[in-house]
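Structural overview
Now for the letters of each chain:
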Amino acid sequence: MQMSSPEAVFDRPARLLPPLWAQGVIAAGAWLASAAITQYWPDGSRLWPYSQLWAECHAGIALLLLILSLTFRQWSLHLPRLKYAGAWLIALPVLLSAWQLLTAKLLILPVPFFAPPQALIQVFHDDWPRLFDSLYHSLSLLLSGVVLGTLAGFIAGLAIGWSPRVGYWMHPLLRILGPLPATALLPLCFFLFPTSHDASVFLIALATWFPVTVLTWSGVAAIDTSWYDVARTLGGNSRFLILRVAIPAALPSVFVGLFMGLGASFSVLIVAEMVGVKSGIGFYLQWAQGWAAYPNMYAALLLMALLCSGLISLLFLVRNRVLRWQKGTMKW
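How each quantity is defined
- Residues numbered from 1 in each chain as written.
- Predicted model: local features only at pLDDT ≥ 70, side-chain atom pairs only at ≥ 80, totals over all residues.
- Heavy atoms only, no water.
- Helix = DSSP H or I, 4+ residues; strand = E, 2+ residues; numbered from the N terminus.
- Rg over C-alpha atoms; globule rule 2.2 N^0.38 Å.
- Buried < 20%, exposed > 50% of the residue type's maximum accessible area, 1.4 Å probe, protein only.
- Contact = heavy atoms within 4.5 Å.
- Polar contact = N/O pair within 3.5 Å; in protein donor to acceptor, adjacent residues only side chain to side chain.
- Phe/Tyr/Trp six-rings, centres within 6.5 Å; stacked < 30°, edge-to-face > 60°.
- Lys NZ or Arg CZ within 6 Å of the ring centre and 35° of its normal.
- Patch = residues over 30% accessible without salt bridge, like charges linked within 9 Å, V, L, I, M, F, W, Y side chains within 5 Å.
- Areas by Shrake-Rupley, 256 points an atom, 1.4 Å probe, with all protein chains shown as cover.
- Salt bridge = Lys/Arg side-chain N within 4 Å of Asp/Glu carboxyl O.
- Expected span 1.5 Å × (residues − 1).
- Axes fitted to C-alpha atoms, helices over the stretch in contact; angles between N-to-C directions.
- Parallel < 35°, antiparallel > 145°, perpendicular 65-115°, else oblique.
- Left-handed = near helix turned anticlockwise from the far one by under 90°.
- Nonpolar A, V, L, I, M, F, W, Y, C, P; charged D, E, K, R; others polar.

**Observations regarding the overall build of the protein chain**
From N to C terminus, the protein chain includes 15 helices and 0 strands. Relative to its length of 332 residues, the protein chain is extended, with a C-alpha radius of gyration of 26 Å against a globular reference of 20 Å. Overall, the C-alpha framework of the protein chain stretches about 75 × 60 × 30 Å when taken along its three principal axes. Relative to its full complement of 332 residues, the protein chain shows a buried share of 39%. Taking the contacts inside the protein chain whose residues are at least 6 apart along the sequence as the reference set, 73% of them involve residues at least 24 apart.

Rendered as structure tokens:
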């Protein structure tokens, strides 16, 4: 029996689609149940602020999903991703309800170490200037280090892959310094650099430099030599070979190195901010832990997760635009 693909389902005429979005109805019920738990199930030890707002948001989402379920035929052909998110739209309120029950309602997870979700709303409402100031400084520090590390890694990898003489001198240094964790150099960097900010930028750049260098080198070294021969036959000089042959052919590997370097730079960023700078998400996390402000700590972790995911998504957006012929071969 031949099964129809999801794309084929959305190619059908609207009159052949079901009149109701079943998953949307179930999701609306789950969000409404989550709102009812927040509103009508009494809190265990204290009344948490913003519980009313939390319940109203869930009820509003339930109403929106119900409307979308009743108008399924009107939008399903144009918003297929929303339909595919149906299972997550059901699972999310279930998870949030479990979080609510385990913390605010049943006190299975003790306060203040674990806080209900509405406590995070209170943090974002009351402490947003400090949170977004920390986010700004973290983003500034991260981008400074990543840009420097990417430029240095790209140039080094291109030079090693192109020139055997450069590779002879650079390869041993790469094998010794590259695998060394950047955070292991924290004491030395804070001694050598005039400010902790400069030391942190260097550590982030070092964490980015190694994977970008290795992947760029691998991309250039893997190019078929016949490509160079054809370009030389057509009159291409060394500059043409580097700019028009080597770099474009190595770009897929370069973006893999950027992805790995960006992931490594996040951990270095947090560690560097915890011990070296006076503003940033890492500093905010340490401050919140020191004052036992655990809701603030969870809010900062959520903000950091959104920052990391957003930057990686932006990187993949650029990759898909630059490497159109390879769109979809690497997923995020």
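**Notes on the side chain of Ser97**
If you trace the backbone, Ser97 turns up in helix α6 (residues 86-105). Reaching out from Ser97, the side chain makes a polar contact with the side chain of Ser34 at a distance of 3.1 Å. Those residues in contact with Ser97 that sit more than four places away from it in its chain are Ser34 and Ile37.

**Comments concerning unusual backbone geometry**
Although it is not a glycine, Tyr50 adopts a positive phi angle of roughly 65°. Of note in this structure, Leu107 is not a glycine but carries a positive phi near 60°. Looking at the element boundaries, Leu107 is found in the loop between α6 and α7 (117-126). By relative accessible area, which is 36% here, Leu107 ends up partly exposed.

**Notes on the packing of aromatic side chains**
Summed over all chains, the structure comprises 8 aromatic pairs. With a centroid separation of 5.1 Å and an interplanar angle of 85°, the aromatic rings of Tyr168 and Trp169 are classed as edge-to-face. In this structure, Tyr168 and Trp169 share a single accessibility class: exposed. When the centroid spacing of 5.3 Å and the interplanar angle of 45° are considered together, the rings of Tyr284 and Trp287 count as tilted. With Tyr284 and Trp287 both in helix α14 (residues 281-290) and 3 residues apart, the pair spans about one turn of that helix. Its relative accessible area of 27% is what places Trp287 among the partly exposed residues. In textbook terms, an aromatic cluster arises when at least three aromatic residues are bridged by ring pairs, as seen for Trp21, Phe72 and Trp75. We note Arg130 situated over the ring of Trp287; from NZ or CZ to the ring centre the distance is 4.4 Å.

**Looking at a nonpolar patch on the surface**
The grouping of Leu20, Val25, Leu66 and Leu70 at the surface amounts to a nonpolar patch, some 330 Å² of accessible area in total. Judged by its relative accessible area of 56%, Leu70 is exposed.

**With respect to α6**
With 20 residues, α6 should cover 28 Å at 1.5 Å per step; its first-to-last C-alpha distance of 28 Å lies within 8% of that length. What α6 keeps buried is the set Gly86, Leu89, Pro93, Leu96, Ser97, Gln100, Leu101, Thr103, Ala104 and Lys105. Elements that come into contact with the buried residues of α6 comprise α2 (22-40), α3 (51-70), α5 (80-84) and α7. Looking at the residues trailing α6, positive phi occurs at Leu107, about 60°.

**Re the packing of helix α11 (residues 196-221) against helix α13 (residues 238-275)**
Between α11 and α13, whose axes approach to 7 Å, the crossing angle comes to 160°. On the basis of their axis angle, the class for α11 and α13 is roughly antiparallel. Note that α11 runs across α13; the crossing there is right-handed. Of the residues contributing to the contact of α11 with α13, the split by class is 16 nonpolar, 8 polar and no charged.

**Description of the packing of α13 against helix α15 (residues 294-322)**
For any two helices packed against each other, the geometry comes down to the angle between their axes and how far apart the axes lie. At their nearest, the axes of α13 and α15 sit 11 Å apart, and the two run at 170° to each other. When the axis of α13 is compared with that of α15, the two are roughly antiparallel. Across the interface between the two elements, Leu251, Phe255, Leu258, Phe259, Leu262, Phe266, Leu269 and Ile270 of α13 pack against Met304, Cys308, Leu311, Ile312, Leu315, Phe316, Val318, Arg319 and Val322 of α15. For the contact of α13 with α15, the per-class residue count stands at 16 nonpolar, no polar and 1 charged.

**With respect to α2**
Compared with the 27 Å implied by 1.5 Å per residue over 19 residues, the 27 Å span of α2 between its first and last C-alpha is a close match. For α2, the set of buried residues is Gly24, Ala27, Ala28, Ala30, Trp31, Ser34, Ala35, Ile37 and Thr38. Its buried side turned inward, α2 meets α3 and α6.

**A word on the pattern of salt bridges**
Scanning the model with the defined rule gives 2 salt bridges in all. With a closest N to O distance of 2.7 Å, Lys105 and Asp43 form a salt bridge. Remark: Asp43 occurs in the loop between α2 and α3 and Lys105 occurs in helix α6; sequence separation between them is 62 residues. Here Lys105 and Asp43 have matching classes, each one buried. For the salt bridge of Asp127 with Arg130, the shortest nitrogen-to-oxygen distance reads 3.9 Å. Residue class for Asp127 comes out buried when judged on its relative accessible area of 14%. Judged by its relative accessible area of 40%, Arg130 falls in the partly exposed class.

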